[in-house]
Structure formats: structure tokens, C-alpha cells
Amino acid sequence: MDIDWVCKHHNDLNKEQLYAILKLRAEVFVVEQNCAYQDVDGLDLEGDTCHLMAWRDNRLIAYLRLLDPHSQNSDVVIGRVVIAPEARGQGLGHMLMEHALQQAEKHWPGTSISLSAQAHLQGYYGRYGFEVVGVEYLEDGIPHIGMHRP
């Protein structure tokens with residue numbers, strides 16, 4: 001699997017990359033998961049937000065964003081974690097998370113990390129040192145849970 005991993009500050013994204021990011025997020029979160037919500041929330045271009053992308057054959061196949069702790073007044077926040085439908089089942093999610101943790105440490109050394117996980121993925125994120133924080137809640141009709149990694 002020949003994958004090109006790219007992590008860019010939002011100022012360094014070109015229009016094609018931004019378009020691919022928004023297209024993949026809409027394809028999965030809005031259409032596939034049937035969640036009508038405001039995906040373009042202003043956070044993609046805030047502070048020192050970084051965008052981690054996995055490209056194969058000029059197609060964005062995996063993505064997540066890292067919100068910087070200063071703009072969030074807390075932890076690094078991992079969000080918008082998505083794998084393209086045709087790329088699932090190949091271990092790409094694990095590679096994405098490993099790269100995310102490396103990038104978080106590179107940009108904000110020693111800073112804790114938070115994320116909002118779909119509740120059924122607690123064990124998955126638990127493998128990377130994340131622990132449940134708070135109680136389960138519904139977000140766009142899908143059970144979620146807050147998770148934290150010191």
C-alpha cells in the first residue's frame with residue numbers, strides 16, 4: 001500500500017487539498033452516516049490547526065484534523081477522523097492514529113490529547129492510551145463518548 005502521508009498547517013493547504021478534505025468529510029459524515037450538520041465549523045482555519053491526510057493515487061483516503069491546544073484553551077483535539085469507504089479494512093485507521101499522535105507530539109510536545117469518539121470505538125482509541133471521560137451522549141443521533149490521553 002503506497003500511501004503519501006501529509007500533515008499541513010491550514011495556511012499551507014492548497015485549494016485542491018481543502019476541496020478533497022471537505023468532499024471526503026461530506027461523503028462519509030453527511031451522506032453515508034446521514035448526519036445533517038454544519039461540517040464547515042470555522043475550526044479548520046483557526047489557530048494552528050493542522051490537517052493530516054493520507055493520499056493514494058491522488059485520492060484522499062484518510063484524514064483527521066488536529067486542533068491546537070491554544071485555540072481550544074485545553075488539549076490538542078483530534079477530530080473529523082475519516083477513512084474513505086474504498087480504503088476501509090486495510091489497517092489505515094491504525095496508521096492514521098499513529099501518525100496523528102506523532103504529529104501532535106511534534107507540534108505540541110507533552111500536551112494531552114482529547115477527542116469525541118463514537119461510543120462503539122472506545123476500545124479502538126483505548127489501544128492508543130485514551131480513557132473515557134464523562135458520560136455517553138448523542139451527537140447527530142450517534143452515541144459518542146469523550147476520551148482523553150494524558
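Conventions adopted
The written sequence of each chain sets the order in which its residues are numbered from 1. The predicted origin of the model limits local features to residues at a pLDDT of at least 70 and limits the giving and counting of side-chain atom pairs to 80 or more, whereas totals for whole chains, interfaces and linings rest on all residues. To obtain the side-chain values, all non-hydrogen atoms of the structure were included, while hydrogens and water were left out. In plain terms, two cysteine sulfur atoms within 2.5 Å form what is called a disulfide here. Throughout this description, buried means an accessible area under 20% of the type-specific maximum (1.4 Å probe, protein chains only), exposed means over 50%, and partly exposed covers the range between. Working definition: a ring pair exists when centres of Phe, Tyr or Trp rings (six-membered ring for Trp) sit within 6.5 Å. Plane angles under 30 degrees give stacked, over 60 give edge-to-face, the rest tilted. Each helix is a run of H or I in the DSSP string that is no shorter than four residues. Each strand is a run of E no shorter than two, and both are numbered from the N terminus. Two strands are counted as paired when DSSP detects at least two bridges linking them. Any helix carries an expected span of 1.5 Å times its number of residues minus one. Residues belong to a common nonpolar core when they are buried Ala, Val, Leu, Ile, Met, Phe, Trp, Tyr or Cys residues joined through side-chain atoms within 4.5 Å. Only heavy atoms enter the contact rule, under which two residues are in contact if any of them lie within 4.5 Å.

Remarks on the state of the cysteines
Piece 1. Counted under the stated rule, the structure contains zero disulfides.
Piece 2. Here Cys50 stays unpaired: no disulfide links it, and the sulfur of Cys7, its closest cysteine neighbor, is 4.7 Å away.
Piece 3. A relative accessible area of 2% places Cys50 in the buried class.

Considering the packing of aromatic side chains
Piece 1. On inspection of all chains with the given rule, the structure shows three aromatic pairs.
Piece 2. With centroids separated by 6.1 Å and ring planes inclined at 80 degrees, the aromatic side chains of Tyr125 and Phe130 adopt a geometry described as edge-to-face.
Piece 3. Three or more aromatic residues link up through ring pairs in this structure, and these residues are Tyr124, Tyr125, Tyr128 and Phe130.

Some words on the pairing of strand β4 (residues 76-83)
Piece 1. A large share of β4 lies buried, amounting to seven of its eight residues.
Piece 2. With five bridges connecting them, strand β3 (residues 59-67) and β4 associate as antiparallel partners. Counterpart to Arg65 in the pairing with β4 is Gly79.
Piece 3. Where β4 and strand β5 (residues 113-118) come together, three bridges link them in parallel fashion.

Things to note about helix α3 (residues 92-107)
Piece 1. A rise of 1.5 Å per residue sets the reference length of α3, with its 16 residues, at 22 Å; its end C-alpha atoms lie 22 Å apart and thus fit the reference within 8%.
Piece 2. Listing the buried residues of α3 in full gives Leu92, Leu96, Met97, Ala100, Leu101, Gln103 and Ala104.

Here we look at the nonpolar core
Piece 1. Met53, Leu60, Ile78, Met97, Tyr125 and Phe130 are the most contacted members of the largest nonpolar core, which has 41 residues in total.
Piece 2. Counting only elements with at least two residues in this core, the list comes to α1 (15-32), β2 (50-56), β3, β4, α3, β5, α4 (122-126) and β7 (142-149).
Piece 3. Every residue in contact with Met97, bar those within four places of it in the chain, is listed here: Ile78, Tyr124, Tyr125, Tyr128 and Phe130.

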